[in-house]
Amino acid sequence: MANRKKTRRPRKPQHHLPKVGTPADDAYRLQHSREDLLDFGLTRPKSRAVNWVIGLVALVVLALGAVALIALT
C-alpha cells in the first residue's frame, strides 16, 4: 500500500493579499480593476472548448435561419 504523504499532489503556492490601506493594496486593487475592465464579458483563454461550442452553435443557428428564410420565400 502506498504511503499517502508521498503520493499526494503538492499544494499550489498561496498568494496572500496585501494589508488594507497599504500602497501594495492600492496597487493590487488598481491592477485587478484594470484587468476586470479589459476582460469584461470575455471567457478565459483556458476555455477554448467552450469558445468552439459557442461558435458552432452560432453557425448552426445562422444556417437554420438561412434555410428557414429560403423555405418561406
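Residues numbered from 1 in each chain as written. Predicted model: local features only at pLDDT ≥ 70, side-chain atom pairs only at ≥ 80, totals over all residues. Heavy atoms only, no water.

1. Observations concerning the overall build of the protein
- In terms of regular secondary structure, the protein is built from three helices and zero strands.
- Secondary structure elements in the protein, listed N-terminal to C-terminal, are α-α-α.
- Within the protein, the proportion of its 73 residues that are buried is 3%.
- Carbon together with sulfur atoms contributes 66% to the accessible area of the protein, which is approximately 7900 Å² in total. (Helix = DSSP H or I, 4+ residues; strand = E, 2+ residues; numbered from the N terminus. Buried < 20%, exposed > 50% of the residue type's maximum accessible area, 1.4 Å probe, protein only. Areas by Shrake-Rupley, 256 points an atom, 1.4 Å probe, with all protein chains shown as cover.)

2. Comments concerning a nonpolar patch on the surface
- On the surface, Val53, Val57 and Val61 cluster together into a nonpolar patch covering about 260 Å² of accessible area.
- Residue position: Val57 is located in helix 3 (residues 48-72).
- Residue classification places Val57 among the partly exposed residues on the basis of a relative accessible area of 47%. (Patch = residues over 30% accessible without salt bridge, like charges linked within 9 Å, V, L, I, M, F, W, Y side chains within 5 Å. Salt bridge = Lys/Arg side-chain N within 4 Å of Asp/Glu carboxyl O.)

3. Here's the deal with the side chain of Asp25
- Here Asp25 is to be found in helix 2 (residues 23-38).
- Those residues within four positions of Asp25 in sequence are excluded, and the remaining contacts are Pro18, Lys19 and Val20. (Contact = heavy atoms within 4.5 Å.)

4. Observations regarding helix 3
- For helix 3, with 25 residues, the first-to-last C-alpha span of 36 Å sits near the 36 Å given by 1.5 Å per residue.
- In terms of burial, helix 3 is largely open, as just zero of its 25 residues are buried. (Expected span 1.5 Å × (residues − 1).)

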